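Structural overview
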Amino acid sequence: MHETLNPCNSGNKARLAHEIVSSPYFSELLVNVPLMLIILNQDREVIYANKLLEEHMMQGQKADMHENKKPGDCLGCLHALTSMSGCGTTKFCEFCGLADAIRKTETEKLATGECRIEMHDGNALVFKVHGYGFRHENQPFLLIALENISDQKARRLLENIFLHDLNNSLSILLNLPEIIDDIDTEVSKKILTEISLRINDEIKSTQNIVTGK
């Protein structure tokens, strides 16, 4: 009687992991991961872009359009063409988290950062950057993974604005007992009504933005 292999056994897990990584469909898994993946050569030119980046690249142009292009070109960075040498060499690149992560990856092998890409259409995208340097056939390459965190950033900014406005309204309410004996009852009622309406408006406005109404 043959013994059924348990995929949870430590030895079997290592074998399965090796087989999966070595299998032909593993590359398909990489193509479809929900991160933008780029491989750069030593000239920082894009030699590989996965499906998500291809969909984003240059307003939907074909994947082969990334030939000889650099990350900023593929992402549609507004500043990538402001220098003859392109992405990585402009005055804006000095403050770019992507360019900084690439520089660190070339020396430290591993790097993380955050970058804000201003687009040609006036919008901006914020990415979490993960970089890893490796060698193939004795040539240096960089693997860059980009995680779009624009929505997270926008939500955090909205939350900060909401909390700031709410704290201002609450401060008035907290200070009201100190002056309530010195003001008319009708004035106190008016202040309470106005603050209550303001807080209600702030909550509704935030809810509408969050829900897209």
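Conventions used here
All residue numbers refer to positions counted from 1 along the written sequence of the respective chain. With pLDDT at 70 or above as the cut-off, local features in this predicted model cover only qualifying residues; side-chain atom pairs require 80 or more to be listed or tallied, and sums for whole chains, interfaces and linings still use all residues. Remark: hydrogens and water are excluded; side-chain values derive from all non-hydrogen atoms of the structure. Confidence of the predictor at the level of single residues is captured by pLDDT, which takes values from 0 to 100. Every residue pair with non-hydrogen atoms within 4.5 Å of one another is taken to be in contact. What counts as a helix is a DSSP run of H or I of at least four residues, what counts as a strand is a run of E of at least two, and both are numbered from the N terminus. Residue count minus one, scaled by 1.5 Å, sets the expected span of a helix. The buried label goes to any residue with under 20% of its type's maximum accessible area, the exposed label to any with over 50%, and the partly exposed label to all in between, with areas taken from a 1.4 Å probe on protein chains only. Strand pairing is assigned whenever DSSP identifies at least 2 bridges connecting the two strands. The salt bridge criterion pairs a side-chain nitrogen of Lys or Arg with a carboxyl oxygen of Asp or Glu, the two atoms within 4 Å. Grid points spaced at 1 Å and placed over the protein atoms alone form the basis of the search, with a cavity being a set where a 1.4 Å probe fits but cannot get out and a pocket an open set showing protein on both sides within 12 Å along at least five of seven lines. Lining residues have an atom within 4 Å of a point. Grid points are joined across faces, edges and corners, and a volume is the space filled by probe spheres set on the points. When residues are grouped by polarity, Ala, Val, Leu, Ile, Met, Phe, Trp, Tyr, Cys and Pro land in nonpolar, Asp, Glu, Lys and Arg in charged, and all others, Gly among them, in polar. Put simply, two rings from Phe, Tyr or Trp (the six-membered ring, in Trp's case) pair if the centres are within 6.5 Å, and we call them stacked under 30 degrees between planes, edge-to-face over 60, tilted for the rest.

1. What to know about the confidence of the model for the protein
Residues with a pLDDT of 70 or more make up 87% of the protein, whose mean pLDDT is 79. For residues 1-5, every residue scores under 50 in pLDDT, and the model assigns this stretch two contacts once sequence neighbours within four places are set aside.

2. Comments concerning helix α6 (residues 150-179)
When the terminal C-alpha atoms of α6 are compared, their 44 Å separation across 30 residues agrees well with the 44 Å that a helix rising 1.5 Å per residue should span. Turning to α6, its buried residues number three or more, namely Ser-150, Leu-158, Leu-166, Ser-169 and Leu-176.

3. Description of the pairing of strand β2 (residues 46-49)
Along a regular strand, successive side chains alternate from one face of the sheet to the other. Here strand β1 (residues 36-40) pairs with β2 via three bridges, running antiparallel. In the sheet register, Ile-39 faces β2, and the bridge partner there is Tyr-48. Between β1 and β2, which pair antiparallel in sequence order, lie five residues; one of them, Arg-44, sits at a positive phi of approximately 65 degrees.

4. A few points about the pattern of salt bridges
Counting across every chain of the model gives three salt bridges. The shortest N-O distance in the salt bridge between Arg-103 and Asp-100 comes to 3.8 Å. With Arg-103 and Asp-100 both in helix α5 (residues 97-108), this residue pair falls three residues apart, about one helical turn. Taking relative accessible area as the criterion, Asp-100 reaches 29% and is therefore assigned partly exposed. Close ionic contact of Glu-118 with Arg-116 constitutes a salt bridge, the shortest N to O distance being 3.4 Å. Overall, Glu-118 belongs to the partly exposed group, its relative accessible area being 32%. Take Arg-116: its relative accessible area is 55%, and that puts it in the exposed class. Linked through salt bridges whose partners overlap, the residues forming this network are Asp-100, Arg-103 and Lys-104.

5. A word on the environment of Ile-144
Here Ile-144 is to be found in strand β5 (residues 139-148). Ile-144 sits in the buried class, given a relative accessible area of 1%. Each C-alpha atom, one on Ile-144 and one on Gly-131, is 4.5 Å from the other, the two residues being 13 residues apart in sequence. Residues in contact with Ile-144, not counting those within four places in the same chain, are Met-36, Leu-37, Ile-38, Leu-40, Leu-98, Ile-102, Val-129, His-130 and Gly-131.

6. Let's talk about α5
For α5, which comprises 12 residues, the first-to-last C-alpha distance of 15 Å matches the rise-based estimate of 16 Å (1.5 Å per residue) to within 8%. Among the residues of α5, those classed as buried are Gly-97, Leu-98, Ala-99, Ala-101, Ile-102 and Thr-105. Where the residues of α5 are buried, they touch β1, α4 (71-75), β3 (110-118), β4 (124-136) and β5. Lys-109 sits one or two positions beyond α5 and adopts a positive phi of about 75 degrees.

7. Overview of empty space enclosed by the protein
One pass over the full model with this rule turns up one cavity of 30 Å³ or more. In this structure, the largest cavity encloses a volume near 30 Å³. Considering the residues around the largest cavity, the lining is formed by Arg-44, Lys-70, Pro-71, Cys-87, Gly-88 and Ile-102. When grouped by side-chain class, the residues that make up the lining of the largest cavity number three nonpolar, one polar and two charged.

8. A few points about the packing of aromatic side chains
All chains considered together, the criterion is met by two aromatic pairs. Relative to Phe-134, the ring of Tyr-132 lies with its centre 6.3 Å away and its plane at 10 degrees, an arrangement referred to as stacked. For Tyr-132, a relative accessible area of 40% corresponds to the partly exposed category. Centroid distance Phe-134 to Phe-141: 5.8 Å. Interplanar angle 25 degrees. Geometry classified as stacked. For Phe-141, a relative accessible area of 16% puts it in the buried group. Pairwise contacts between aromatic rings join Tyr-132, Phe-134 and Phe-141 into one cluster.

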